Amino acid sequence: MPGGRLTQPERQQIALGLADGLAYAEIARRLDRPTSTVTREVLRNGGPTAYRADLAHRATEHRAQRRRQPAPRGPQASPQPHGRDAEAVHAYEETFTTVLMASGMPKMTARVMACLTLTDSGSLTASELARHLQVSPASISKAVAFLDSQGLVRRERDERRRERYVVDNDVWYQSMMASARATAHLVEIAREGVGVLGPRTPAATRLENIARFADFVSESIARAAEQARAILHAQPEPDPRPEPEPDPEPGP
């Protein structure tokens, strides 16, 4: 299986595959590449409807050129905990951000959400976020306000009275329940429209079908979220590998 960066001809093949409506897995199979490589490439460069091979190639070259520049001194260059590869973590943070953006989240909001999610503590202050993402505190404030309104983060004060933004284990559950409530509200509004437009008229029938569909989806989301909530609190399995024995003390 070939490794390294995608070539321009490979990117053209990806663009052709997307135009033909092929799944990422099929495009990857034809290129003899991992599916994750194709998925990341497409999501990082506009998504399946906006992907352009030439633009993607230029953007990748630009990113590679930036990475070849000397690493900045400061928090971004600090060692990673648990022996993590700093460059791999940074690349994964970009990928996670891109996926959040593909789901409809604004770019800065997605960057903040990814940053919080990928910290071991699950919480950072505004200044820590601004320093890590190299943006202004105002940008952080706006992004956090959006995440707070969606129930994706909560605010708390630490021992130094600084406001911290927290992504805890229940955030995704609360987000799913908020989505279910919003969908349930759509059901109410659609059924209200049935009465306004007159039962059995084409427009009212359309609204009734929307209401039935949304009602099923809302109930399914809420039920699945309740059933799966415990997964968010599962603890990692212990590492079965034995700890390495310390090196013997050198003799005199």
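Per chain, the residues get numbers from 1 upward, laid out in the order the sequence is written. Per-residue local features are limited, in this predicted model, to residues with pLDDT of at least 70; the limit for side-chain atom pairs, both in listing and counting, is 80 or more; totals at the level of whole chains, interfaces and linings are taken over all residues. Side-chain numbers come from the whole structure's heavy atoms, not from hydrogens or water.

## What about the packing of helix H6 (residues 107-117) against helix H8 (residues 137-149)?
A pair of packed helices can be characterised by two numbers: the angle between their axes and the separation between those axes.
Link 1 in the chain: Angles shown run from 0 to 180 degrees and are taken between the N-to-C directions of axes, each axis being a line fitted to C-alpha atoms and, for helices, limited to the stretch in contact. Going along the chain from the N terminus, every DSSP run of H or I of four or more residues is numbered as a helix, and every run of E of two or more is numbered as a strand. It is the contact of H6 with H8, at a shortest axis distance of 9 Å, that shows an interaxial angle of 80°. Put simply, H6 runs roughly perpendicular to H8. Facing H6, whose interface residues are Met108, Thr109, Val112 and Met113, H8 presents Ser139, Ile140, Ala143, Val144, Phe146 and Leu147.
Link 2 in the chain: Partitioning the contact of H6 with H8 into residue classes produces eight nonpolar, two polar and no charged. With respect to orientation, any angle under 35 degrees is reported as roughly parallel, any angle over 145 as roughly antiparallel, any angle of 65 to 115 as roughly perpendicular, and every other angle as oblique. When checking whether two residues touch, look at their non-hydrogen atoms; a contact exists if any pair is within 4.5 Å. Residues are grouped as follows: nonpolar covers Ala, Val, Leu, Ile, Met, Phe, Trp, Tyr, Cys and Pro; charged covers Asp, Glu, Lys and Arg; every other residue, Gly included, is treated as polar.

## Quick word on the pairing of strand S2 (residues 154-157)
Link 1 in the chain: In this description, strands pair whenever DSSP reports at least two bridges between them. Here S2 runs beside strand S3 (residues 163-166); their pairing, made up of four bridges, is antiparallel. The residue of S3 that forms the bridge with Glu156 is Arg164.
Link 2 in the chain: Turn length for the S2-S3 hairpin, with the two strands adjacent in sequence and antiparallel, is five residues, and the turn residue Arg161 shows positive phi of about 65°.

## What to know about the sheet that holds S3
Picture the strands of a sheet paired through backbone hydrogen bonds; they go either parallel or antiparallel.
Link 1 in the chain: Overall, antiparallel pairing links the three strands, which are arranged S1-S3-S2 in an open sheet. In the strand order of this sheet, the two ends are held by strand S1 (123-125) and S2, each with one partner. Adjacent strand axes in the sheet meet at a mean angle of 35° when their direction is disregarded.
Link 2 in the chain: Across the face of the sheet, helix H7 (residues 126-133) comes into contact with S1 and S3 while running at roughly 90° to S1.

## A few points about the packing of aromatic side chains
Link 1 in the chain: Put simply, two rings from Phe, Tyr or Trp (the six-membered ring, in Trp's case) pair if the centres are within 6.5 Å, and we call them stacked under 30 degrees between planes, edge-to-face over 60, tilted for the rest. Applying the stated rule across the entire model yields one aromatic pair.
Link 2 in the chain: For the ring pair Tyr92 and Phe96, a centre distance of 6.1 Å and an interplane angle of 35° mean the geometry is tilted. Here the residue Tyr92 and the residue Phe96 both occupy positions in helix H5 (residues 86-102), the gap between them amounting to four residues, near one helical turn.
Link 3 in the chain: The ring of Tyr173 is capped by Arg229, whose NZ or CZ atom sits 3.9 Å from the centre of that ring. The rule for a charge over a ring is simple: NZ of Lys or CZ of Arg within 6 Å of the ring centre, and within 35 degrees of the ring normal.

## Topic: the pattern of salt bridges
Link 1 in the chain: We count a salt bridge whenever a side-chain nitrogen from Lys or Arg sits within 4 Å of a carboxyl oxygen from Asp or Glu. For the structure shown, the criterion picks out 14 salt bridges.
Link 2 in the chain: Here Arg164 and Glu128 are joined by a salt bridge, their closest N and O atoms 3.4 Å apart. Residue Arg164 is located in strand S3, and its partner Glu128 is located in helix H7; the two are separated by 36 residues in the primary sequence.
Link 3 in the chain: The exposure class assigned to Arg164 is buried, which follows from its relative accessible area of 13%.
Link 4 in the chain: Under the relative-accessibility criterion, Glu128 is labelled partly exposed at 22%.
Link 5 in the chain: Note that Arg154 and Glu156 form a salt bridge whose closest N and O atoms lie 2.7 Å from each other.
Link 6 in the chain: Among the charged side chains, a salt-bridge network with shared partners connects Glu128, Asp158, Arg162 and Arg164. Whether a residue is buried, partly exposed or exposed follows from its accessible area with a 1.4 Å probe, protein chains only, as a fraction of its type maximum: under 20%, in between, or over 50%, in that order.

Fair warning: the whole summary comes from geometry, so function is off the table for now.
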